[in-house]
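# Examining the three-dimensional arrangement
Read off the chains here:
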Amino acid sequence: MSNLKTNQAIRNIAIIAHVDHGKTTLVDAMFRQSGLFRENQEISERLMDTMDLERERGITIAAKNCSVHWQGVKINVIDTPGHADFGGEVERGLSMADGALLLVDASEGPLPQTRFVLKKALEKGLKIVVVINKIDRQDARPNQVLDEIYDLLIDLNASDEQLEFPLLYAVARDGIAKKDLDEKGGDIHILLKTILEEIPAPAFDPEAPFQMLVSDLGYSEYFGRLAVGKVSNGVVRARSSLVCVGKSERVKPLKVSKLQVYEGVNLTDAEEVQTGDIAVLAGIDEVHIGDTICYPENPAALPRIKVEEPTVSMEFSVNTSPLGGREGKYVQASRIRKRLEKETLMNMAVKVEDQTARDSVLVKGRGEFQLAILIETMRREGYEFCVGRPEVIFRFEDGRKLEPVERLLVDCEERFLGVVTEKLSLRKGKMTNLVNNEKGRIRIEFSIPTRGLIGYRDEFLTDTRGTGIMHTVFDGYEAFRGESPSRFTGSIVADRSGGCVAYALFNLEPRGRLFVRPGDQVYEGMIVGEHNRGVDIDVNPCKEKKLTNIRASGKDESVVLTPIVSLTLEQAISFIREDELVEVTPKSIRLRKVVLSAQERHARAGRLKK
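This write-up is about the structure you can find in this document. (Residues numbered from 1 in each chain as written. Predicted model: local features only at pLDDT ≥ 70, side-chain atom pairs only at ≥ 80, totals over all residues. Heavy atoms only, no water.)

### What to know about the overall build of the protein chain
Counting secondary structure elements, the protein chain contains 15 helices and 37 strands. Here the protein chain holds 610 residues, and the buried ones make up 55% of them. A fraction of 73% describes how many contacts in the protein chain between residues 6 or more apart in sequence connect residues 24 or more apart. Counting every atom, the protein chain has about 28700 Å² of accessible surface; 48% of that belongs to carbon and sulfur. (Helix = DSSP H or I, 4+ residues; strand = E, 2+ residues; numbered from the N terminus. Buried < 20%, exposed > 50% of the residue type's maximum accessible area, 1.4 Å probe, protein only. Contact = heavy atoms within 4.5 Å. Areas by Shrake-Rupley, 256 points an atom, 1.4 Å probe, with all protein chains shown as cover.)

### Focus on the packing of aromatic side chains
Within this structure, the stated rule accounts for seven aromatic pairs. Above the ring of Phe 394, the side-chain terminus of Lys 401 is found at 4.3 Å from the ring centroid. In this arrangement the basic side chain of Lys 401 is found over the ring face of Phe 480, its NZ or CZ atom lying 4.2 Å from the centre. (Phe/Tyr/Trp six-rings, centres within 6.5 Å; stacked < 30°, edge-to-face > 60°. Lys NZ or Arg CZ within 6 Å of the ring centre and 35° of its normal.)

### Digging into the side chain of Asn 319
Mapped onto the fold, Asn 319 is located in the loop between strand 20 (312-317) and helix 8 (333-346). Among the polar contacts made by the side chain of Asn 319, one reaches the main-chain amide nitrogen of Ser 321 at a distance of 3.2 Å. At 3.1 Å, the side chain of Asn 319 forms a polar contact with the side chain of Glu 583. When neighbours within four sequence positions are excluded, Asn 319 is seen to be in contact with Gly 324, Gly 325, Glu 384, Phe 385, Cys 386, Glu 583, Thr 585 and Arg 592. (Polar contact = N/O pair within 3.5 Å; in protein donor to acceptor, adjacent residues only side chain to side chain.)

### Comments concerning the nonpolar core
Nonpolar side chains tend toward joint burial in soluble globular proteins. Core analysis: the largest hydrophobic core is formed by 40 residues, its most contacted members being Leu 102, Leu 118, Ile 128, Ile 132, Ile 149 and Leu 153. Not counting residues within four places of it along the chain, the set of residues in contact with Ile 149 comprises Leu 102, Val 104, Pro 110, Val 130, Ile 132 and Phe 165. Judged by nonpolar contacts, the second largest core, of 29 residues, contains Met 314, Val 350, Ile 375 and Ala 572. (Core = buried A, V, L, I, M, F, W, Y, C linked by side-chain atoms within 4.5 Å.)

### Quick notes on the pairing of strand 28 (residues 441-449)
With seven of its nine residues buried, strand 28 lies for the most part within the structure. As paired strands, strand 27 (residues 430-436) and strand 28 are joined by six bridges and run antiparallel to one another. In the strand pairing of strand 28, Leu 434 is matched with Ile 444. Joining the antiparallel neighbours strand 27 and strand 28 is a turn of four residues, in which Glu 438 adopts a positive phi near 60°. (Pairing = 2+ DSSP bridges.)

### Some details on the pairing of strand 22 (residues 360-365)
Burial analysis of strand 22 places six of its six residues in the buried class, which makes it a mostly covered element. Burial of the side chains of strand 22 extends over both faces: Ser 360, Leu 362 and Lys 364 are buried on one face and Val 361, Val 363 and Gly 365 on the other. As paired elements, strand 20 and strand 22 share six bridges and run antiparallel to each other. Residue pairing for strand 22: Val 312 is matched across the bridge by Gly 365. Strand direction decides the pairing type here: strand 21 (residues 351-354) and strand 22, joined by four bridges, are antiparallel. For Lys 351, the partnering residue across the bridge sits in strand 22 and is Lys 364. Taking the residues between adjacent antiparallel strands as the criterion, strand 21 and strand 22 are bridged by five residues.

### Some thoughts on the pattern of salt bridges
Going through the model one piece at a time under the given rule, you end up with 38 salt bridges. Where Glu 459 meets Lys 423, a salt bridge forms, and the shortest distance between an N and an O atom there is 3.3 Å. With Glu 459 in helix 12 (residues 456-463) and Lys 423 in helix 10 (residues 417-426), the pair connects residues that are 36 residues apart, well separated along the chain. Take Glu 459: its relative accessible area is 27%, and that puts it in the partly exposed class. The shortest N-O distance in the salt bridge between Glu 478 and Arg 481 comes to 2.9 Å. Ionic contacts of the salt-bridge type, sharing partners, join the residues Asp 536, Arg 577, Asp 579, Glu 580 and Lys 593 into one network. (Salt bridge = Lys/Arg side-chain N within 4 Å of Asp/Glu carboxyl O.)

### Focus on the side chain of Arg 592
Along the chain, Arg 592 falls in strand 37 (residues 589-593). Buried and unpaired, Arg 592 has Glu 583 as its nearest opposite-charge partner, separated by 5.5 Å. At a separation of 3.2 Å, a polar atom in the side chain of Arg 592 contacts the main-chain carbonyl oxygen of Val 594. With residues up to four places along the chain from it excluded, the contact list for Arg 592 reads Asn 319, Thr 320, Ser 321, Cys 386, Tyr 523, Gly 525, Met 526, Ile 527, Glu 580, Leu 581 and Glu 583. (Lys, Arg positive; Asp, Glu negative; His and termini not counted.)

### Focus on the packing of helix 10 against helix 12
Orientation of helix 10 relative to helix 12, taken along the N-to-C sense of each, is 160°, at an axis distance of 10 Å. With respect to helix 12, the element helix 10 is oriented roughly antiparallel. The element helix 10 and its partner helix 12 pack so that their crossing is right-handed. Listed contacts from helix 12 to Val 419, Val 420, Lys 423 and Leu 424 of helix 10 are Tyr 456, Glu 459, Phe 460 and Asp 463. Looking at side-chain class alone, the contact of helix 10 with helix 12 contains five nonpolar, no polar and three charged residues. (Axes fitted to C-alpha atoms, helices over the stretch in contact; angles between N-to-C directions. Parallel < 35°, antiparallel > 145°, perpendicular 65-115°, else oblique. Left-handed = near helix turned anticlockwise from the far one by under 90°. Nonpolar A, V, L, I, M, F, W, Y, C, P; charged D, E, K, R; others polar.)

What follows is the structure, given as structure tokens:
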């Protein structure tokens, strides 16, 4: 084998950062200052957040690519998600990178998701450049954060070479980067210069034939399926005959209609793509993430991308409620299954399995948040369906029951330490670390089973009066820690169909928290509230006041109900028990029992008692 060469005209860099540490804003600044846009050109904020959900929530969900040119070199920027539930996206993105930019908030320091992605980058041996961002914050503590970064790298077994990282300080929002805290700094050019000097150029074997690992899939209305990946060896030309080497080394011929590369955030046509660049092949039908594309003369597969196994599963089924099919565009089981199978092609961390029931499928993912994003995306596309409670996926080894465990980091005010610790210990959490920075806030680390976190986020926000922050990252499998309670309250269930009446709801308010308003349509088996006690009760929310011929002026109209806060999708998913479902439509989120008939539910409960 001949000596490896490098393509100095290209750099491939992944950006690693926790949610809200300024990653997308930094990429915006790189775009603006690399001359990608005209001086007076109108551009939107956070260009890389292309999905509506990403813009709304301020997080990166899907790994995306873009490029900037600087001093004759093309820098391909690979945006990785900051949330551990989208870990499949992380492995994909890093497979195209030769180096990584670690972006850390100058106040918050490295958080669990930073740890998760950084661990993957170090395992791949990527060169790391550290940028401490938001140094203009009032509570910025860049020197302590730098110590925390060193501690994290040592904890993750970084090599001596990786520990000698180049360090920059930045205010991404203002487009400023500098080498020293005391410098004035006026632009981001030092960052671009550091990338060129420190990140290695892609290496290749000049005698090896063309090979490209498919790291991502896209879809175009005009050209069909898009295969995205880094050209590992050789050169690919437009309109060439290619083959795809699949999972079992099976070779399939491919017909490619278009060859494209990234220029800024857009795709442009190319006649040929050099080694080390990221290519996009259009019009390919049968290709999957992890496949290798090459010329038919030399079909040789590259190592496939490995993704960690899913830890949570949810059942998706057809909506069988009396209100089903009224609000959704796609309601059939076949359409729902087809959409979920399409998701598995685009997202490696999601798996779909058929159930014994014909109208339902089991969807497995990295966490309840990832599945909630998938459900929200589908309802916005017009799908209507039901989902069950998230269940963790247990493993059995040598006769032992193992369960997925999360590393949980809580940042809250000192006065909430007691209630947070108490609630988490009930859910089988163990405290592993506590840091008090003497500023009124504390940081606590826990090791907790994944099932213990299902439904805890909303409880946590209530307990900390909305001021607490919690972050989690998957921490492997451990021995089962024993049963823990999921919910201490029961459900208030409607016992008939009809429209809700203010008089009936007013009389139900003392029983618990209601989810419906006057005029809302309900049906038998629909959950209309949360009961104060631990048992379910059947009620009539449609009951009207008995009329008499004696009337008091204005008396009957003066029923004042407590304002209802509608449940969000995540709250609904975390609220339900094993015998309950969330009914998801493009317009509504309702809760219901799996068995709608009250009589049948009571009969079942009686049989179980025997």
